[in-house]
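Understanding the architecture of this molecule
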Amino acid sequence: MFWVLLLLPAWAVAGVACSRLCLAAVRSASVDADAGQGHDLTLYEAAFLSGGPGRVAELTLVSMARQRRLLLAHTGWATVVDPRGRDEMERSVIGAIGPGGQSRIAPVRAAAAAADAVRGLADRLVGAGLAVPDGTRTTVAAGVRQVRGAAWTVLTLGAAALLMPAPSDMPRVLMAAWFGLPLALTLSCLALARIEAHPYSHWASPAGQRLLAALTRHAPAAADDRAYLTSIAVRGVHAAAEPELRAAFAHRDRA
């Protein structure tokens, strides 16, 4: 009956993970359905809802570079050309670069992402019901990852039980059926989450995701600055057409 000692943790892991995912889905669905009505997202807001504080910092850097007020070298350095920031975000970036006017992009991005301007933006989005509060940010996306991990754990424990050399009175087929129950539970939760809560977001509430989808649908088709920056806000610097710009931020990834 040693296989029962493997079945119990399989059920425990599956039950805990699925419960957390269900609670996360309930919290996510409890956001006011009318939140965001009549709200037009700014590029900074779209960047935060798509990728969090780091995406806002990236958007600010790229926007200033497009206006020739900041140079982003493919070697991973940022150089200030115009030290006058036009808004709080830009002033945060310039302040993060420092009085020398030049710095590596990676620490600038990190400092700008942690600045008061980004925290204020996050608070406004949370207050409007468009962003997920800090205390519940590990919601559906993290819950889905936990359930996936639980599914693999159940499979591993089931395989270990079936391959055990120790004799057992339980037929192998019936033993596999017992492990199939928690596996079916995890797979069912993943399927329901895929139907009800996809795409999974760390930052945007359901209302925020609807506004992001509308912004993407109605984004200008012309290759102007607004369309370009909208693409960066929603998809990140990897969507940039210029290889030099992608290389400038790639230094952060390698670091």
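Above this text you will find the structure in question.
Within each chain, residue numbers correspond to sequence positions counted from 1 in written order. Residue-level local features of this predicted model are given only where pLDDT is at least 70; pairs of side-chain atoms are given and counted only at 80 or more, and the full residue set underlies all totals for whole chains, interfaces and linings. In computing side-chain values, all of the structure's heavy atoms are included and hydrogens and water are not.

All right, on to the overall build of the protein then. Looking only at helices and strands, the protein features 11 helices and three strands. The helix count covers DSSP runs of H or I at least four residues long, the strand count covers runs of E at least two residues long, and both are numbered beginning at the N terminus. Taken from N to C terminus, the helices and strands of the protein fall in the order α-α-α-β-β-α-β-α-α-α-α-α-α-α. Categorising residues by exposure relies on relative accessible area from a 1.4 Å probe, with only protein chains included: less than 20% of the type maximum marks a residue as buried, more than 50% marks it as exposed, and the intermediate range marks it as partly exposed. Taking all 255 residues of the protein together, 42% fall into the buried category. Throughout, a contact is declared for two residues whenever any of their heavy atoms are within 4.5 Å. In the protein, the share of contacts with a sequence separation of at least 24, taken over all contacts with a separation of at least 6, comes to 70%. For the protein, the accessible area works out to roughly 13,400 Å², and carbon and sulfur atoms hold 62% of it. The accessible surface values rely on the Shrake-Rupley method and a 1.4 Å probe; as for residues, cover is taken only from the protein chains in view.

What follows concerns the packing of aromatic side chains. We call Phe, Tyr and Trp rings a pair once their centres come within 6.5 Å, taking the six-membered ring for Trp, and we label the pair stacked below 30 degrees between planes, edge-to-face above 60, and tilted otherwise. Evaluated as defined, the whole model comprises one aromatic pair. Residues Phe48 and Trp203 carry aromatic rings whose centres are separated by 5.6 Å and whose planes lie at 65 degrees to one another, so their mutual orientation is edge-to-face. Of the two residues, Phe48 sits in helix H2 (residues 43-51) while Trp203 sits in the loop between helix H8 (172-197) and helix H9 (206-217), which places them 155 residues apart along the sequence. Among the residues examined, Phe48 registers a relative accessible area of 1% and is labelled buried. Of note, Arg66 hangs over the ring of Tyr228, and the distance from its end group to the ring centre comes to 3.9 Å. Geometrically, a lysine NZ or arginine CZ counts as sitting over a ring once it is within 6 Å of the ring centre and also within 35 degrees of the ring normal.

This paragraph deals with a nonpolar patch on the surface. The grouping of Trp11, Leu174, Trp178, Leu181 and Leu185 at the surface amounts to a nonpolar patch, some 440 Å² of accessible area in total. Here the element with the most residues in the nonpolar patch is H8; it accounts for four residues. Position of Trp11 relative to the elements: it lies in helix H1 (residues 2-29). Residue Trp11 is classed as partly exposed on the basis of its relative accessible area, which comes to 33%. Residues forming no salt bridge and having over 30% relative accessible area are the ones grouped into patches, like charges within 9 Å of each other and nonpolar side chains (Val, Leu, Ile, Met, Phe, Trp, Tyr) within 5 Å. By definition here, a salt bridge exists when the distance from a side-chain nitrogen of Lys or Arg to a carboxyl oxygen of Asp or Glu is within 4 Å.

Attention shifts here to the environment of Val26. Inspection of the secondary structure assignment puts Val26 in helix H1. Sequence separation between Val26 and Val140 is 114 residues; the distance between their C-alpha atoms is 9.4 Å.

Turning our eyes to something else, we now look at the pattern of salt bridges. Going through the model one piece at a time under the given rule, you end up with seven salt bridges. Glu58 is paired through a salt bridge with Arg55; the nearest N and O atoms lie 3.9 Å apart. A residue pair is termed a helical-turn pair when its members lie 3 or 4 positions apart in one helix, as Glu58 and Arg55 do in helix H3 (residues 53-66) at three residues. Across this residue pair, the class does not change: Glu58 and Arg55 are buried. Two residues, Arg84 and Asp82, come together in a salt bridge whose shortest N-O distance is 3.1 Å. A relative accessible area of 62% means that Arg84 is categorised as exposed. Because the salt bridges share partners, they merge into one network encompassing Arg55, Glu58 and Arg109.

The subject of this paragraph is the packing of helix H4 (residues 88-97) against helix H5 (residues 105-113). Only C-alpha atoms enter the line fits that serve as axes; for helices the fit covers just the stretch in contact. Angles between N-to-C directions range over 0 to 180 degrees. Axis separation between H4 and H5 bottoms out at 9 Å; the angle between their running directions is 135 degrees. By the criterion of interaxial angle, the relationship of H4 to H5 is oblique. Between H4 and H5 lies a crossing of right-handed hand. Within the contact between the two elements, H4 uses Val93, Ala96 and Ile97 and H5 uses Val108, Ala111 and Ala112. Residues are grouped as follows: nonpolar covers Ala, Val, Leu, Ile, Met, Phe, Trp, Tyr, Cys and Pro; charged covers Asp, Glu, Lys and Arg; every other residue, Gly included, is treated as polar. When the residues that make up the contact of H4 with H5 are grouped by side-chain class, the tally is six nonpolar, no polar and no charged. Angles below 35 degrees are treated as roughly parallel, those above 145 as roughly antiparallel, those between 65 and 115 as roughly perpendicular, and all remaining angles as oblique. Throughout, a crossing is termed right-handed when the near helix is turned clockwise from the far one, and left-handed when it is turned anticlockwise from it by less than a right angle.

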